[in-house]
Amino acid sequence: MEFNVKKLASDAGVFFSRAMQFTEEKLGQAEKTELDAHFENLLARADCTKNWTEKILRQTEVLLQPNPSARVEEFLYEKLDRKVPSRVTNGELLAQYMTEAANDFGPGTPYGKTLIKVGETQRRLGAAEREFIRSASISFLTPLRNFLEGDWRTISKERRILQNRRLDLDACKARLKKAKAAEAKAAAVPDFQETRPRNYVLSASASALWSDEVEKAEHELRLTQTEFDRQAEVTRLLLEGISSTHVNHLRCLHEFVESQTNYYAQCYQFMLDLQKQLGRFSGTFVGNAESASPAAATSPPTVAAATLPAVPTIPVVPTIVGMPNTVAEGVLNPNEVKPPASGTRRARVLYDYEAADSTELALLADEMITVYSLPGMDPDWLIGERGNQKGKVPVTYLELLS
């Protein structure tokens, strides 16, 4: 118990000395040991790395999980060292609703069939999103967290120790300076004509005491300087390790970009397959037995072949009467299409339609065109004529008139 009391008193004295030194430095009443420029640059670089790593980590978490309540729940599970429960993605939930709606509306109806196809694609999108979140968490978020919760905590701890060592060093310098000043004052020779011998004896005794105090302060200063230099070297090595941290985070960033690229490539391919099934690209995918009504009136954006997988062309299976053999290669020449003697009808265009290729006819809403069908054609498509222009048009974009 006695040892603990002494240690507590010693710690309190050290704390008071550091606090007084720190306050005097802030007030400009004490000198401060300055670190070299290289060390200051290392400190600034470390602080910058820590601040930006925190921001990138938080925003990446928002990107992967936009729901703040879900993020808080995942954080609590991690702190409690418990497994995070599996959560259904929005795409998978939408797929579930679409499938249930299709069963109620009738899976054999056109709307029900389309709901099933779109729901299956949404399910695949949700599964791809789940895999992307898992991959990004392992390859990118985990290394960032490890740096903030591991390396950075070690650096912060050593920096606090270095700060205490510096305060101790400056306090020792201040004590040594005061002791030397007192020693010089006590060593001044008194005037024997005006001062009694007793005062001279006291002055000599005080000079000896201050001399001992100076030696003690110099000894403490040497010890404190050694501890400060050792701690500065340890902290410097840790700060120089920030360069290795940048290299590691760079590799993790490449892995994050790769996983994100794969995720968007999968999403693009899934949606391309869905549009193919719905008949949006019937001009390119002629002969698709599962084609249905088109889903959109605008063509998809052009995507670089080096980024996303190329979609293979499907050869034409049916042969349309009145067309040359070049149709078998997937090319329709509207000029060679001959309208039947009977069976042409007038139709009003319901929506704007952009032709996917030269075999289709672009449409404008509310315009009137002449349409007809040829033997062997996909029932979801007709041949449309507008003056001298001919081409295939989707049935769902038309209102057939009697």
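Residues numbered from 1 in each chain as written. Predicted model: local features only at pLDDT ≥ 70, side-chain atom pairs only at ≥ 80, totals over all residues. Heavy atoms only, no water.

Caption draft 1: Structural view of a nonpolar patch on the surface. A contiguous nonpolar surface patch, about 280 Å² in accessible area, is contributed by Val72, Phe75 and Leu76. Locating valine 72 in the fold gives a position in helix α3 (residues 68–79). The exposure class assigned to valine 72 is partly exposed, which follows from its relative accessible area of 48%. (Patch = residues over 30% accessible without salt bridge, like charges linked within 9 Å, V, L, I, M, F, W, Y side chains within 5 Å. Areas by Shrake-Rupley, 256 points an atom, 1.4 Å probe, with all protein chains shown as cover. Salt bridge = Lys/Arg side-chain N within 4 Å of Asp/Glu carboxyl O. Helix = DSSP H or I, 4+ residues; strand = E, 2+ residues; numbered from the N terminus. Buried < 20%, exposed > 50% of the residue type's maximum accessible area, 1.4 Å probe, protein only.)

Caption draft 2: Main features of the pairing of strand β3 (residues 381–386). Of all 6 residues that make up β3, 5 are buried, and the element is covered over most of its length. The pairing of strand β2 (residues 368–372) with β3 spans 3 bridges and is antiparallel. Opposite valine 371, over in β3, you have glycine 384 as the bridge partner. Pairing of β3 with strand β4 (residues 389–394), which is carried by 6 bridges, proceeds in the antiparallel orientation. Within β4, the residue paired with glycine 384 across the bridge is glycine 391. From the end of β3 to the start of β4, which pair antiparallel, there are 2 residues, and glycine 387 there has a positive phi angle of about 65 degrees. (Pairing = 2+ DSSP bridges.)

Caption draft 3: Representation of the sheet that holds β2 in the model. Within the open sheet, the 5 strands sit side by side as β4-β3-β2-β1-β5. Their pairing is antiparallel. The open sheet has two edge strands, β4 and β5 (398–400), and neither has a second partner. Strand-to-strand twist across the sheet, computed as the mean angle between neighbouring axes with direction ignored, equals 40 degrees. (Axes fitted to C-alpha atoms, helices over the stretch in contact; angles between N-to-C directions.)

Caption draft 4: Expanded view of the pairing of strand β1 (residues 345–349). Pairing of β1 with β2, which is carried by 4 bridges, proceeds in the antiparallel orientation. Looking across to β2, one finds that arginine 345 is bridged to valine 371. Sheet topology places β1 next to β5; 3 bridges connect them, and they run antiparallel. Following the sheet pairing, alanine 347 is matched in β5 by leucine 400.

Caption draft 5: Region of the structure containing the pattern of salt bridges. A complete count under the given rule lists 18 salt bridges for this structure. Residue lysine 50 is joined to glutamate 54 by a salt bridge in which the shortest nitrogen-to-oxygen separation is 3.4 Å. Within this pair, lysine 50 and its partner glutamate 54 are both found in helix α2 (residues 37–64), separated by 4 residues, close to a single helical turn. For glutamate 61, the salt bridge identified is with arginine 58, shortest N-O distance 3.9 Å. Of this pair, glutamate 61 and arginine 58 both sit in helix α2, 3 residues apart, roughly one helical turn.

Without other data, these values stay purely geometric and don't point to any function.
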